[in-house]
Amino acid sequence: MSTDTLRFPAAAIAADASTATVCAHCALPVPAGLVQEDAERQFCCTGCHTAFAILHEHGLGSYYGFAERREAPVQSSGRRYEEFDHPTFAQLYVQVMPSGLSRTELYLEGVHCASCVWLVERVPLLHTGVSRAELDVRRSLAVVEWDAAVTPLSAIARQLDVLGYAPHPFRGVARADMRRREDRAMLVRIGIAGAIAINMMLAALALYAGELNGMDATFTHFFRWVSFALMVPAFVWPGRVFFSGAWASVRTRSLHMDLPIAIALAAGLVRGAINTVTGTGPIYFDGLALLIFALLVGRFLQQRGQRLAADSAELLHAIAPSTARIVEQGVVRDIPAEALLPGMTLDVRAGETFAADGVIVRGHSTVNAALLTGESRPSSVEEGATVYAGTLNVEAPLQVRVEEAGETSRIAKLLREVEESARRRAPIVQTANRLAGIFTAVVLLLAALTFGIKASFNAPHALDDAIALLIVTCPCALALATPLAITVAVGRAAGNGMLIKGGDALEVLASPGTVVFDKTGTITEGRTALVRWVGAEWVQPLVLSLEAGSSHPLAEGFRRAWPGMMVPDVHEARHVVGGGLEGWVDGRHVRIGSPRFVAGGVVSTAPEVMVALHTYDEIGRTLTPVHVSVDGVLVAVAGMGDKVRDDALQSLRALRHRGWRTVLLSGDAEDVVRSVGAALDFDAADAIGGATPEQKLAFIEQTKQRGRVVMVGDGVNDAAAIAAASVGIGVQGGAEACLATADVYLTRNELGTLVELVDGSRRTMRVIRRNIALSIAYNVVGASMAMFGLLTPLAAAILMPASSITVVLGSWYGHTFPRVRRTATRASGPASGAASSISGPVEAIA
């Protein structure tokens, strides 16, 4: 490989003397401090230098011939990827092929163009034992096949990492591919059925026009045979799903709505084929083709909706980390989280999530357990304290002895409660199936009676009347009455910030009951904020300067409170674990942190701060106190907490006006919950604090025995309660587990959206009841006309889609949710104008 080829990017760009020195690998500017005067090639970082050397060593310099290449420095993580060689990893993510090779799928970071594909697919040239590497650039998915006896997977992963493509195990790809294949097959069926129905209607129009104006018998016979030729493939492929369902219904001896559909389709096809051959009577093919198309569309929409509720088990377990760092004989290495065993020692750094339940054996820090317990304030932990999987280590490194891991951890037990609660909803589906079975039995019985009685009297149209009955009473209109109205309502609700998974949620929300709210992230904003500040403004830049390099939630709260403020330089900053920060800012010694930490260097207190400490008793009781001293003087006190949402009181009053009982159920401290409850007009008995996830679940199940109950929350600690409630509602920013089990997800950061949801649900149920009434009336009238011989099969085939169109129009033009999202949300009712009354006290409470 020539030097010119290897230097392609630098040579091309350096031709312009005014251009800055660029990296020979990524073509980005090289920082002045890294420019080597005598070097033939320059690199912006060691990662690019290493990647360039590897490509040069293996003869892959043609990579630099791509016009579009990765334009980012190579940032290798330095990981060893030893967990990729662990037996548990192999069980989860590696397949052994018949040839003896191993196969895995990896998600790669940093993939974006054709040059990435070229480079990743050259990995077999870098390692003996790698037989194939293919990259799907759209999904950043690499398929790797290798001989595990020759090359370990960790070595391949390290090579990809060095090249700038950090690999991760790709989860759920098989299920996602299967779903795409299923959806593609169904859409193909719908497309073919629609095309056949359109062409069938064209032939039917010719026949109808011929009956009115007189058509030559030859052309009439031709169009009949064209219709029959089009109908056969519609039955063989798109319509086959109904016959498969009907056959399964017969084999299992359970009546299903596919059975009368299949009988009507088969009877119509047989009768139409006979009439086509004999040249007499109607052929029904146009109505049958349209029926197949409409039913397939309805079934596809129903399956997509049901699939949303089937994802919970996979999504829930994404909360805990997939890998863990363990310490063995002083050596730290990574392993899959599934391989953790009791007795192992975890190494958990600041900002990382605990992978298992355990006891701290070294270090002290603070832990944010809001995701699991609902406690909004991070709590201090030290040696001997218990920590749980899924919670966050905030401040300092910890070593934890594993007590419970995997399926025995606290979070796993909660997730099992979620799944069990979700399965307990099955009786609703069983009731719907029983009603469908009753409808099917009645239709089949009426058709058999019609044919039997009329045939016994040698009535000439006995079979035609029975077919007309099966066609006209086809449950298409009845089946569309509810799902179509729900589909329209759900679509419009989504445009207004309400993602609804199923119609059962709308049914429950349409009538008043009990609505239970979590506090953190639901009634409140769910993040640490500066709620009260007592001190001079000149102190604020000093606080921001010292907190600038901290990732602590309290530091984030200060930065959000004072954005864009100019800050002086800080020197000799020091972080004291469990205490706070201290350092020199603008020539002054500043301390920020807990009262005990700051008090160690305080010799006096500013007068206004002294008054505040005796006046505002919520600081320290309902808020996290943060003291600030400058040169030994306590000059400011901050109350950090979780701010109540601006529209909380207004929305709660609107719900109460509509007949709902409101309950505040939180894992936060009882003092905090009582203060929030009092400010938001909750009854004292309905503001419950200190509730564990298990207690929340028990409360929901107990309340559910007395009537319908709605749970609104956003954390894993709410997930089991949300699944057990009649309707579970997740709010914006909520944990993934909570949202996976929730029936409704509110994307707008307003509680007023819940009021809109209740009002829209009530209107949707009115539309559904109207649709059902129209469908029942249609079936009763149509069945009566068919039984008395007043309806021919042709008229039944025309009347059947007419009823469905009526339902479609009623659902589309029915007033459920607004068609256009409103720019402002105001809860109606007696709460109007109440927002101003809460601006004072509520803002001062967490």
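Since the structure is predicted, the reported quantities are computational estimates derived from the model, not experimental observations.

K.L.:
Which parts of the structure should I look at to understand the overall build of the protein chain?
P.N.:
What the protein chain contains, in helices and strands, is 31 helices and 28 strands. For the protein chain, the proportion of contacts with a sequence separation of at least 24, taken over those separated by at least 6, is 70%. Surface summary for the protein chain: the accessible area is close to 38,400 Å², and the carbon and sulfur share equals 58%.

K.L.:
Can you walk me through helix α25 (residues 648-657) in this structure?
P.N.:
Two residues of an α-helix separated by three or four positions point the same way, owing to the 3.6 residues in each turn. A large share of α25 lies buried, amounting to seven of its ten residues. Of all the residues in α25, the buried ones are A648, L649, Q650, S651, L652, A654 and L655. Check the buried side of α25 and you find it contacts β16 (514-517), α20 (519-523), β23 (633-644), β24 (661-665), α26 (670-679) and α30 (752-787). After α25 finishes, the residue G659 shows a positive phi value of roughly 100°.

K.L.:
Help me understand the environment of D718 in this model?
P.N.:
Note on placement: D718 falls in helix α28 (residues 716-724). By relative accessible area, which is 0% here, D718 ends up buried. Expressed as a C-alpha distance, the spacing of D718 and L697, which sit 21 residues apart in the sequence, is 8.1 Å. Sequence-distant contacts of D718, that is, excluding residues within four places in its chain, are made with D518, K696, M711 and G713.

K.L.:
Sorry if this is basic, but what is going on with the nonpolar core here?
P.N.:
Within soluble globular proteins, side chains that are nonpolar tend to cluster in buried spots. Grouped together as the largest cluster of nonpolar side chains are 43 residues, with contacts concentrated most on F517, I523, L680, V710, I729, L754 and L757. The element contributing the most residues to this core is α30, with seven residues. Setting aside anything within four residues of it in sequence, one finds I523 in contact with F517, D518, V644, R645, A648, L652, L664, V676, L680 and L751. Core analysis: the second largest hydrophobic core is formed by 41 residues, F52, Y93, A133 and A166 among them.

K.L.:
Which parts of the structure should I look at to understand the packing of aromatic side chains?
P.N.:
The geometry of an aromatic ring pair is captured by the separation of the ring centres together with the interplanar angle, meaning the angle of the planes. For the structure shown, the criterion picks out seven aromatic pairs. Their ring planes at 65° and their centres at 5.5 Å tell us that F222 and F223 sit as a pair that is edge-to-face. Under the relative-accessibility criterion, F223 is labelled partly exposed at 21%. Above the ring of F597, the side-chain terminus of R591 is found at 4.7 Å from the ring centroid. Here the guanidinium or amino end of R656 rests over the ring plane of F682, the centre of that ring lying 5.0 Å away.

K.L.:
Explain the side chain of S365 to me, please; I cannot follow it from the model alone.
P.N.:
Secondary-structure assignment places S365 in strand β10 (residues 365-368). What S365 contacts, discounting residues up to four positions off in sequence, is S379, S380, V381, N393, V394, E395, A396, L398 and V577.

K.L.:
Help me understand the pairing of strand β20 (residues 588-593), please; the structure alone is not making it clear to me.
P.N.:
One face of the sheet, then the other: side chains in a regular strand alternate in exactly this way. Where strand β19 (residues 580-585) lies against β20, six bridges are found, and the strand directions are antiparallel. Bridge pairing links G580 to G593 in β20. Counted between consecutive antiparallel strands, the loop separating β19 from β20 contains two residues, among which D586 sits at a positive phi close to 55°. With four bridges joining them, β20 and strand β22 (residues 624-630) adopt antiparallel strand pairing. Along β22, the bridge assignment pairs G593 with H627.

K.L.:
Sorry, what's going on with a nonpolar patch on the surface here?
P.N.:
On the surface, V188, V232, V236 and W237 cluster together into a nonpolar patch covering about 310 Å² of accessible area. Locating V236 in the fold gives a position in helix α9 (residues 217-236). The exposure class assigned to V236 is exposed, which follows from its relative accessible area of 53%.

K.L.:
Mind showing me how you'd approach the packing of helix α17 (residues 462-472) against α30 here?
P.N.:
Two measures define how a pair of helices packs: the angle their axes make with one another and the distance between the axes. One can describe the packing of α17 onto α30 by two numbers: an axis separation of 8 Å at closest approach and a directional angle of 175°. Accordingly, the angle class assigned to the pair α17 and α30 is roughly antiparallel. On the side of α17, the interface is formed by D465, A468, L469 and V472, while α30 contributes Y778, N779, G782, A783, A786 and M787. Partitioned by chemical class, the residues of the contact of α17 with α30 number seven nonpolar, two polar and one charged.

K.L.:
Help me understand the sheet that holds β10 in this model?
P.N.:
Two orientations exist for strands paired in a sheet by backbone hydrogen bonds: parallel and antiparallel. One open sheet holds the three strands; their spatial order is β11-β10-β13, and the pairing between them is antiparallel. Looking at which strands have only one partner, the edges of the open sheet turn out to be β11 (379-381) and β13 (392-393). The sheet contact formed by β10 and β11 spans three bridges and is antiparallel. Within β11, the position partnered with S365 by the bridge is V381.

K.L.:
Got a minute to help me understand the sheet that holds strand β26 (residues 709-713) in this structure?
P.N.:
Here seven strands make up an open sheet; going across it, the order is β15-β28-β27-β26-β16-β24-β25 and the pairing mixed. With one partner strand each, in any of the chains shown, β15 (498-500) and β25 (687-688) form the two edges of the open sheet. Where strand β27 (residues 727-731) meets strand β28 (residues 744-746), three bridges bridge the pair, whose relative direction is parallel. By the bridge assignment for β28, V731 is matched with L746.

K.L.:
Any chance you could explain the pattern of salt bridges here in plain terms?
P.N.:
Side-chain pairing between opposite charges can occur once the charged atoms of the two side chains come close. If you walk through the whole model with that rule in mind, you get 19 salt bridges. Between R574 and E582 there is a salt bridge, and its shortest N-O distance comes to 2.1 Å. Of the residues examined, R574 reaches a relative accessible area of 45% and is grouped as partly exposed. Linking D686 and R661 is a salt bridge whose minimum nitrogen-to-oxygen distance equals 2.9 Å. Here D686 is found in the loop between α26 and β25, whereas its partner R661 is found in strand β24, with 25 residues between them in sequence. The network of salt bridges with common partners includes R103, E105, R132, E134 and E145.

K.L.:
I tried to follow the packing of α25 against α30 on my own but got confused; where do I start?
P.N.:
Where α25 meets α30, the closest approach of the two axes is 8 Å, and the angle between their N-to-C directions is 25°. Relative to α30, the element α25 is oriented roughly parallel. In this structure, the crossing between α25 and α30 has a hand that is left-handed. When α25 is examined against α30, the residues S651, A654 and L655 are found in contact with a partner set consisting of G752, L754, V755 and V758. The residue inventory of the contact of α25 with α30, partitioned by class, reads five nonpolar, two polar and no charged.

K.L.:
Sorry, what's going on with helix α7 (residues 153-162) here?
P.N.:
Of all ten residues making up α7, eight are buried, and the element is well covered by its neighbours. Of all the residues in α7, the buried ones are L153, S154, A155, I156, A157, Q159, L160 and D161. Following α7 by one or two positions, G164 adopts a phi angle in the positive range, close to 100°.

K.L.:
Mind showing me how you'd approach unusual backbone geometry here?
P.N.:
A negative phi holds for most residues other than glycine; trans holds for most peptide bonds. Residue D586 is not a glycine yet carries a positive backbone phi of 55°. Examined against the element boundaries, D586 turns out to sit in the loop between β19 and β20. Judged by its relative accessible area of 59%, D586 is exposed. With phi around 55°, D631 is a residue other than glycine that occupies positive phi space. Here D631 lies in the loop between β22 and β23.

K.L.:
Hey, could you run me through the confidence of the model for the protein chain in this one?
P.N.:
Predicted coordinates in areas of low pLDDT are best not read in detail. Per-residue confidence for the protein chain gives a mean pLDDT of 76, with 77% of residues at or over 70. Across residues 308-318, confidence stays below pLDDT 50; counting only partners more than four residues off in sequence or on other chains, it has 20 contacts. Across residues 421-432 the pLDDT falls below 50, and counting only partners more than four positions away or on other chains, this stretch makes 13 contacts in the model.

Rules used in this analysis
- Residues numbered from 1 in each chain as written.
- Predicted model: local features only at pLDDT ≥ 70, side-chain atom pairs only at ≥ 80, totals over all residues.
- Heavy atoms only, no water.
- Helix = DSSP H or I, 4+ residues; strand = E, 2+ residues; numbered from the N terminus.
- Contact = heavy atoms within 4.5 Å.
- Areas by Shrake-Rupley, 256 points an atom, 1.4 Å probe, with all protein chains shown as cover.
- Buried < 20%, exposed > 50% of the residue type's maximum accessible area, 1.4 Å probe, protein only.
- Core = buried A, V, L, I, M, F, W, Y, C linked by side-chain atoms within 4.5 Å.
- Phe/Tyr/Trp six-rings, centres within 6.5 Å; stacked < 30°, edge-to-face > 60°.
- Lys NZ or Arg CZ within 6 Å of the ring centre and 35° of its normal.
- Pairing = 2+ DSSP bridges.
- Patch = residues over 30% accessible without salt bridge, like charges linked within 9 Å, V, L, I, M, F, W, Y side chains within 5 Å.
- Salt bridge = Lys/Arg side-chain N within 4 Å of Asp/Glu carboxyl O.
- Axes fitted to C-alpha atoms, helices over the stretch in contact; angles between N-to-C directions.
- Parallel < 35°, antiparallel > 145°, perpendicular 65-115°, else oblique.
- Nonpolar A, V, L, I, M, F, W, Y, C, P; charged D, E, K, R; others polar.
- Left-handed = near helix turned anticlockwise from the far one by under 90°.
- pLDDT = per-residue confidence, 0-100.

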